[in-house]
There are 4 protein chains.
Amino acid sequence: MKKETIIALLHGPDQPGLVSKVSSWIFDRGSNIDHADQHKDPQANIFFQRVEWVPSGPIQDEADAFKAFAQNELKMQAEVALSSKKPKVALFVSKIDHCFHDIILRFKANELNGTIGCIVSNHNDLESAAALYGIPFYHTPFEGSDKQRVEAQQTAILKEHSIELVVLARYMQILSSDFLKGIHVPIINIHHSFLPAFAGGKPYHQAYTRGVKIIGATAHYATADLDEGPIIYQDVTRINHRNTISDLIRKGKDLEKSVFAHAVRLHLNNRILVYNNKTVVFD
Amino acid sequence: MKKETIIALLHGPDQPGLVSKVSSWIFDRGSNIDHADQHKDPQANIFFQRVEWVPSGPIQDEADAFKAFAQNELKMQAEVALSSKKPKVALFVSKIDHCFHDIILRFKANELNGTIGCIVSNHNDLESAAALYGIPFYHTPFEGSDKQRVEAQQTAILKEHSIELVVLARYMQILSSDFLKGIHVPIINIHHSFLPAFAGGKPYHQAYTRGVKIIGATAHYATADLDEGPIIYQDVTRINHRNTISDLIRKGKDLEKSVFAHAVRLHLNNRILVYNNKTVVFD
Amino acid sequence: MKKETIIALLHGPDQPGLVSKVSSWIFDRGSNIDHADQHKDPQANIFFQRVEWVPSGPIQDEADAFKAFAQNELKMQAEVALSSKKPKVALFVSKIDHCFHDIILRFKANELNGTIGCIVSNHNDLESAAALYGIPFYHTPFEGSDKQRVEAQQTAILKEHSIELVVLARYMQILSSDFLKGIHVPIINIHHSFLPAFAGGKPYHQAYTRGVKIIGATAHYATADLDEGPIIYQDVTRINHRNTISDLIRKGKDLEKSVFAHAVRLHLNNRILVYNNKTVVFD
Amino acid sequence: MKKETIIALLHGPDQPGLVSKVSSWIFDRGSNIDHADQHKDPQANIFFQRVEWVPSGPIQDEADAFKAFAQNELKMQAEVALSSKKPKVALFVSKIDHCFHDIILRFKANELNGTIGCIVSNHNDLESAAALYGIPFYHTPFEGSDKQRVEAQQTAILKEHSIELVVLARYMQILSSDFLKGIHVPIINIHHSFLPAFAGGKPYHQAYTRGVKIIGATAHYATADLDEGPIIYQDVTRINHRNTISDLIRKGKDLEKSVFAHAVRLHLNNRILVYNNKTVVFD
């Protein structure tokens with residue numbers, strides 16, 4: 001059986017002895033590091049570390065103690081997670097269902113370290129599918145210009161379900177800056193192009209018109225600037241002159257599914273640090 | 001021994017019976033098609049074909065007769081080449097030498113169906129390397145604002161060597177619209193990004209700043225609009241947060257070499273048709 | 001709306017004028033070729049062609065007439081299909097469910113040109129999932145040494161449902177030579193390695209032990225020689241020293257799903273010809 | 001300017017506090033870790049670490065002190081290198097020249113952290129090319145059954161040039177077990193298949209006959225068991241039914257060049273640890 005671990009993600013200005021101080025703290029508490037990975041950004045002079053260990057004492061106490069140590073003594077920003085705790089995730093969808101089915105089946109197969117707490121959609125097309133999967137479904141349609149009201153409703157749903165991560169499975173709606181600030185949890189979006197190429201709408205049509213030979217998909221954290229957030233993961237596939245826009249859409253679906261799932265997996269395994277609108281991914 | 005073939009590239013408005021007419025013409029002259037590939041653009045209603053055969057009569061006569069048939073009876077645009085004829089290529093370089101060495105070695109190893117007629121450069125850094133390879137080298141520096149004069153000189157060099165293709169191996173100079181029109185031969189450029197992402201200067205720096213997880217290279221025909229010409233071939237490679245700009249440049253070099261060579265190879269094997277600023281590549 | 005087409009797959013000894021004869025036959029009946037692709041194996045001297053057209057007369061009559069022409073006049077082996085006819089497919093599964101869900105969802109999303117007629121399994125683990133999808137499920141367990149009896153039962157199921165293709169979604173059972181011969185329909189299997197590396201059982205364990213840096217999946221037609229049938233499609237993904245066997249299995253799942261679906265798609269679009277235990281794939 | 005660093009590669013049975021002890025030793029000597037990467041093999045219970053730092057004292061003294069510490073106090077196997085020291089490499093070739101030119105040009109472009117001390121060949125085809133590059137060339141032909149004598153001659157050449165790494169750029173000769181043991185330096189070989197598929201001779205012919213859809217290349221350390229040594233790096237490329245054996249060879253050349261160079265680069269950057277006939281690659 002796999003033992004419960006503490007996973008800490010640290011970052012802050014580089015200073016001498018950080019690796020030594022962190023590893024010694026853990027060793028001195030009678031534990032041993034299972035995995036450690038670090039990175040220095042030589043331009044920004046920032047130090048990043050992901051460290052994972054089986055604590056020798058009560059796990060929550062040890063996690064709290066480490067967090068205090070990292071913040072107070074090392075002056076580092078620290079996120080500390082327990083491997084045993086599976087975050088609750090909210091799945092936002094629209095009508096398109098390939099990422100929807102794919103990510104749900106992966107959660108059900110325990111490929112992803114979390115559970116889907118609820119599904120939120122501006123359409124009710126996938127309500128019955130959600131029912132078959134046994135997941136609460138909320139229909140929050142946009143009628144006219146009541147975006148603010150709908151987003152308030154969505155925020156309440158997220159709170160009610162104690163959601164810790166929102167994933168947009170081709171949600172196709174722009175989130176307001178207020179909503180992004182208000183929910184206090186990260187959001188992962190899948191964009192159906194190899195960003196920064198073909199940002200905005202209808203990227204497969206754009207790619208077809210430009211005549212590129214490769215298309216891609218990009219998973220990124222959503223920010224107020226559409227398609228401009230920190231990139232988590234990307235993948236590509238070849239196309240040729242025989243491929244119609246429908247072919248691009250079909251091929252792209254497979255990319256979108258795997259890129260989206262990969263990014264959600266990295267996040268739920270506490271492998272991502274964000275800075276300067278970029279990501280450090282300890283994989 | 002491989003027999004001499006005729007290779008025809010046709011395109012024009014679709015009409016009934018084109019495949020039948022072309023293949024019957026060849027069969028009726030006592031020959032047999034070795035390779036044929038065709039494509040219809042359903043949106044533009046254009047038909048494209050590449051057909052290759054061993055003629056039964058004198059090869060140049062047969063080629064001329066086919067061209068007349070295609071233009072006069074089928075009303076198609078036709079380019080007809082002989083496999084035995086190796087076009088002369090001009091290699092434009094600046095100071096960067098990885099694509100320079102790579103493409104020359106491929107020509108020398110008979111990987112590419114042509115010969116390098118001359119090397120043209122705005123710097124003389126690679127003059128001695130060109131001498132070791134035994135290839136004529138022309139130093140055509142840009143001093144001040146005499147671009148027009150230098151391009152006239154370059155045009156003369158291309159004519160003198162009966163050049164049929166210009167390849168820009170990281171030439172790093174913008175070609176004037178007049179030059180492009182005046183030389184009457186196609187130009188293949190290698191751009192060090194996955195176009196349309198990061199067009200323009202310093203694409204690896206742009207990629208680093210944006211935090212993409214994949215970089216690429218793009219070979220395209222040069223047009224008056226910088227980095228906007230028809231894309232021939234693209235390839236990509238993964239990068240991660242540990243990679244500095246130097247790493248991107250190093251990884252990119254390998255991409256640039258192989259993408260550039262692949263595009264030149266496709267062109268010299270008469271596998272590319274251009275329309276609507278896109279390419280049909282029969283590979 | 002897409003028009004109904006006839007798709008013919010021909011192969012046989014090469015002879016002069018085949019392209020001309022086929023295209024002229026179609027043109028003379030008042031039709032026009034939409035897509036044509038051909039290939040000559042220079043070593044085996046075999047000619048292969050896939051040709052697709054909208055017939056001008058009743059589609060079944062035209063298809064029959066073409067088949068007679070191809071066999072009697074051209075002396076070619078010919079398979080002729082109608083784009084409007086969606087073959088019925090039998091899905092064989094065991095307990096592992098990732099390819100099972102993936103392929104069913106693709107059929108339901110109309111990504112694949114066919115319908116699932118029935119599911120056959122030696123275990124009943126996926127019976128309730130099959131019921132949710134609304135697909136008939138047959139439990140045909142192997143108890144002791146009654147393989148012959150079970151296979152007879154399975155053959156009867158295939159007949160009852162007029163199955164034209166069997167797909168093994170990680171079925172994990174060896175099919176007897178008698179069964180393969182008796183069912184008269186092709187079988188597509190997905191093997192979880194990059195064949196011919198790691199044939200046989202537990203390929204991910206084999207890959208881990210050998211220390212390879214890339215793993216793969218292979219879709220092939222099943223033959224009496226296990227893992228030796230004609231390869232349809234393969235794909236690979238990178239692994240590294242940090243990956244445990246569980247990681248290989250997880251990464252491999254994604255490969256298996258996409259490689260399996262891709263091969264089934266090619267088959268159902270009549271794009272595959274088999275000879276000499278190899279495939280010609282007109283994609 | 002980049003500062004001189006010490007790079008240590010450690011491995012041995014796992015024990016509590018290794019990360020802490022190593023990092024504290026370095027910190028206590030007034031230095032700071034620039035890069036550290038570690039790995040635990042959970043099955044074999046072996047700990048691996050690569051650690052790089054700028055020493056505060058004289059670099060060779062610090063390196064020696066660390067090596068003594070690692071071996072005596074930690075009881076770990078340790079290799080310690082200086083970033084400033086460029087190892088001398090011997091290049092073994094036969095007649096095939098693509099990897100030969102490629103690797104030499106990379107050394108000359110400072111892509112690889114070393115210098116080519118000498119070229120050794122059983123043929124003299126590349127002698128004049130070696131002269132143009134200004135690298136000593138030794139012709140050591142095998143005439144009849146004097147393998148032992150030739151290998152003794154080769155061993156002497158390696159000693160004379162203080163060679164620290166041998167790279168086989170398609171050398172096409174089996175090295176005797178005695179030679180491998182006698183030279184006391186590692187050997188990197190490039191095999192032109194995706195091992196373990198198609199080990200032995202003529203792998204492209206084997207791949208063609210089997211009808212695979214992807215070919216590959218593998219760089220590995222040479223051992224007495226041909227093609228069975230620890231794999232360092234692999235890469236692959238797609239092929240299809242149109243590709244002849246010549247096409248496979250041509251496509252394979254590009255793979256061989258880049259895979260070979262990548263493996264040599266990893267080795268010269270002290271990024272590879274070997275155990276259980278596998279590699280840990282800290283890249």
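It should be emphasised that the depicted structure is a prediction, and the values quoted were computed from it without experimental measurement.

Visitor: Any details on the relation of the copies chain A and chain C? Residues and values, ideally.
Guide: Least-squares fitting of chain A to chain C yields an RMSD of 0.0 Å, with the transformation described by 0.0 Å of translation along the axis and a rotation of 180°. In symmetry terms, the pair is related by a two-fold rotation axis. Most of the interface of chain A is mirrored in chain C: 100% of its interface residues are interface residues there too.

Visitor: Would you mind going over the domain arrangement of chain A in detail, with residue names and values included?
Guide: Residue and element names in this part refer to chain A. For chain A, the assigned domains are domain 1 (6-82) and domain 2 (88-281). Put simply, the middle of domain 1 and the middle of domain 2, counted by C-alpha atoms, are 31 Å apart. Each side of the interface is counted separately: domain 1 has 12 residues, and domain 2 has 9 residues. A buried area of about 860 Å², summed over both sides, lies between domain 1 and domain 2, and 62% of it is on carbon and sulfur atoms. It is Leu9, Phe48 and Arg50 that lose the most area in domain 1 upon contact with domain 2, and together they represent 51% of the buried surface on that side. The interface formed by domain 1 and domain 2 contains 3 residue pairs in polar contact (both at pLDDT 80 or more). Of all elements in the fold, only β1 (6-13), β2 (32-41) and β3 (46-54) reach the threshold of two or more residues within the side of domain 1 that touches domain 2. Here the side of domain 1 that touches domain 2 is built from residues that sort into 7 nonpolar, 3 polar and 2 charged.

Visitor: Quick rundown of the interface of chain A and chain C? Include the residues and the values.
Guide: The interface of chain A with chain C comprises 15 residues on the first partner and 15 residues on the second. When chain A packs against chain C, close to 1,300 Å² is buried across both sides, 43% of that on carbon and sulfur atoms. Summed over the three residues of chain A that lose the most area to chain C, namely Leu105, Glu111 and Arg250 of chain A, the buried surface amounts to 31% of that side. Where chain A packs against chain C, one counts 6 salt bridges. A salt bridge links Glu111 of chain C to Lys253 of chain A; the nearest nitrogen and oxygen atoms lie 4.0 Å apart. Taken together, the links from chain A to chain C amount to 2 residue pairs in polar contact (both at pLDDT 80 or more). At the level of secondary structure, the elements contributing two or more residues to the side of chain A that touches chain C comprise α3 (98-108) and α8 (245-268) of chain A. In terms of residue count, the dominant contributor to the side of chain A that touches chain C is α8 of chain A (7 residues).

Visitor: An account of the packing of aromatic side chains is needed here, citing residue identities and associated values.
Guide: To describe a pair of aromatic rings, one takes the distance between the centres and the angle between the planes. Residue and element names in this part refer to chain D. In this structure the tally under the stated criterion is 34 aromatic pairs over all chains. Where Trp25 meets Phe69, the ring centres are 5.4 Å apart and the plane angle is 20°; that geometry is what we call stacked. With Trp25 in helix α1 (residues 18-28) and Phe69 in helix α2 (residues 59-73), this pair connects stretches of sequence that are 44 residues apart. Given the relative accessible area of 8%, Phe69 is considered buried. Relative to Tyr133, the ring of Phe100 has its centre 6.2 Å away and its plane inclined at 65°; by these criteria the two rings are edge-to-face. Taken together, the residues span a long stretch of sequence, with Phe100 in helix α3 (residues 98-108) and Tyr133 in helix α4 (residues 127-133) at a distance of 33 residues. With a relative accessible area of 0%, Phe100 lands in the buried category.

Visitor: Break down the sheet that holds strand β5 (residues 88-93) of chain D for me, with residues and values.
Guide: Strand pairs in the sheet, formed through backbone hydrogen bonds, run parallel or antiparallel to each other. Residue and element names in this part refer to chain D. Pairing within the open sheet is mixed, and its 7 strands lie in the order β7-β6-β5-β8-β9-β10-β11. Each edge of the sheet is formed by a strand with only one pairing partner; in this case those strands are β7 (137-139) and β11 (231-238). Taken over all neighbouring pairs, the strand axes of this sheet differ in orientation by 20° on average, direction set aside. Note: strand β9 (residues 187-191) against strand β10 (residues 214-221), 4 bridges, orientation antiparallel. Looking at β10, one finds that Ile190 is bridged to Ala219.

Visitor: Break down the pattern of salt bridges for me, citing the residues and quoting the values.
Guide: One pass over the structure, following the stated rule, counts 64 salt bridges over all chains. Put simply, Asp254 of chain A and Arg106 of chain C hold a salt bridge, and the shortest N to O gap is 3.0 Å. Of the two residues, Asp254 of chain A sits in helix α8 while Arg106 of chain C sits in helix α3 (residues 98-108), which places them in two different chains. Asp254 of chain A gets classed as partly exposed once you look at its relative accessible area, which sits at 25%. Among the salt bridges present, the one from Glu256 of chain B reaches Arg170 of chain B, with a minimum N-O distance of 2.7 Å.

Visitor: Quick rundown of helix α7 (residues 203-210) of chain B? Include the residues and the values.
Guide: Those residues of α7 of chain B lying buried are Pro203, Tyr204, Ala207, Tyr208 and Arg210 of chain B. On its buried side, α7 of chain B packs onto β2, β11 (231-238) and β13 (278-281) of chain A together with β9 (187-191), β10 (214-221) and α8 (245-268) of chain B. Immediately beyond the C-terminal end of α7 of chain B, within one or two residues, lies Gly211 of chain B, with a positive phi of roughly 75°.

Visitor: An account of the side chain of Ser193 of chain C is needed here, citing residue identities and associated values.
Guide: Residues and elements named next belong to chain C. Topologically, Ser193 is positioned in the loop between β9 (187-191) and α7 (203-210). Residue classification places Ser193 among the buried residues on the basis of a relative accessible area of 3%. When sequence neighbours within four positions are dropped, the list of residues in contact with Ser193 reads Phe198, Ala199, Pro203, Gly216, Ala217 and Thr218.

Visitor: Describe the relation of the copies chain C and chain D, with residues and values.
Guide: If you rotate chain C by 180° and push it 0.0 Å along the axis, it lands on chain D with an RMSD of 0.0 Å. Of all interface residues in chain C, 100% are interface residues in chain D too; the two copies therefore contact each other through one and the same surface.

Visitor: Lay out the packing of α3 of chain D against helix α8 (residues 245-268) of chain D with the relevant residues and their values.
Guide: Residues and elements named next belong to chain D. Where α3 meets α8, the closest approach of the two axes is 9 Å, and the angle between their N-to-C directions is 40°. Classified by the angle between their axes, α3 and α8 sit oblique to one another. For the crossing formed where α3 meets α8, the hand is right-handed. Two secondary-structure elements touch here, α3 through His98, Cys99, Asp102, Ile103, Arg106 and Phe107 and α8 through Lys253, Glu256, Lys257, Ser258, Phe260, Ala261, Val264 and Leu268. Taken together, the residues of the contact of α3 with α8 sort by class into 7 nonpolar, 2 polar and 5 charged.

Visitor: Got a sec to walk through the sheet that holds β11 of chain A? Specific residues and values, please.
Guide: All names here are of chain A. Taken together, 7 strands build an open sheet; the order of strands is β7-β6-β5-β8-β9-β10-β11 and the sheet is mixed. Both edges of this open sheet fall to β7 (137-139) and β11, since each of them pairs with a single strand only. Sheet twist, expressed as the average angle between the axes of neighbouring strands with direction ignored, equals 20°. Sheet analysis places strand β5 (residues 88-93) next to strand β8 (residues 165-168), joined by 4 bridges and oriented parallel. In the sheet register, Val89 faces β8, and the bridge partner there is Leu165.

Visitor: How would you summarise unusual backbone geometry if you had to cite specific residues and measurements?
Guide: The peptide bond linking Leu195 of chain B to Pro196 of chain B adopts the cis configuration, its omega dihedral lying at 10°. Of note, Pro196 of chain B is situated in the loop between β9 and α7. The phi angle at Lys75 of chain C is positive, at roughly 60°, despite the residue not being glycine. As for its position among the elements, Lys75 of chain C is in the loop between α2 (59-73) and β4 (77-82). Using a relative accessible area of 61% as the deciding quantity, one classes Lys75 of chain C as exposed.

Visitor: Give me the interface of chain C and chain D: which residues, what numbers.
Guide: Each side of the interface is counted separately: chain C has 36 residues, and chain D has 36 residues. Taken together, both faces of the contact between chain C and chain D bury some 3,100 Å²; the carbon and sulfur share is 51%. Of all residues in chain C, Arg210, Lys213 and His241 of chain C bury the most surface against chain D, accounting for 22% of the area lost on that side. On the surface where chain C and chain D come into contact, there are 4 salt bridges. Residue Arg242 of chain C pairs with Asp37 of chain D through a salt bridge whose shortest N-O separation is 2.5 Å. Where chain C meets chain D, there are 26 residue pairs in polar contact (both at pLDDT 80 or more). For the side of chain C that touches chain D, the secondary structure elements donating two or more residues are β2 (32-41), α7, β11 (231-238) and β13 (278-281) of chain C. If one sorts the elements of the side of chain C that touches chain D by residue count, β11 of chain C sits on top with 7 residues. Within the side of chain C that touches chain D, the residues separate by chemical class into 16 nonpolar, 10 polar and 10 charged.

Visitor: Help me get a handle on the pairing of β9 of chain C, residues and values and all.
Guide: Residue and element names in this part refer to chain C. Among the 5 residues that make up β9, 5 are buried, leaving the element largely enclosed by the rest of the structure. Going residue by residue along β9, you find Ile187, Asn189 and His191 tucked away on one face and Ile188 and Ile190 tucked away on the opposite face as well. Note that strand β8 (residues 165-168) and β9 share 3 bridges and pair parallel. In the sheet register, Leu168 faces β9, and the bridge partner there is Asn189. Taken together, β8, helix α6 (residues 177-183) and β9 constitute a β-α-β crossover, and its handedness is right-handed.

Rules behind the numbers
- Residues numbered from 1 in each chain as written.
- Chains lettered and ligands numbered in written order.
- Predicted model: local features only at pLDDT ≥ 70, side-chain atom pairs only at ≥ 80, totals over all residues.
- Heavy atoms only, no water.
- Least-squares fit on C-alpha atoms with pLDDT ≥ 70 in both.
- Contact = heavy atoms within 4.5 Å.
- Domains from an automatic or database assignment.
- Buried area = accessible area lost by both parts, 1.4 Å probe.
- Polar contact = N/O pair within 3.5 Å; in protein donor to acceptor, adjacent residues only side chain to side chain.
- Helix = DSSP H or I, 4+ residues; strand = E, 2+ residues; numbered from the N terminus.
- Nonpolar A, V, L, I, M, F, W, Y, C, P; charged D, E, K, R; others polar.
- Salt bridge = Lys/Arg side-chain N within 4 Å of Asp/Glu carboxyl O.
- Phe/Tyr/Trp six-rings, centres within 6.5 Å; stacked < 30°, edge-to-face > 60°.
- Buried < 20%, exposed > 50% of the residue type's maximum accessible area, 1.4 Å probe, protein only.
- Pairing = 2+ DSSP bridges.
- Axes fitted to C-alpha atoms, helices over the stretch in contact; angles between N-to-C directions.
- Parallel < 35°, antiparallel > 145°, perpendicular 65-115°, else oblique.
- Left-handed = near helix turned anticlockwise from the far one by under 90°.
- Right-handed = clockwise from strand over helix to strand, strands pointing away.

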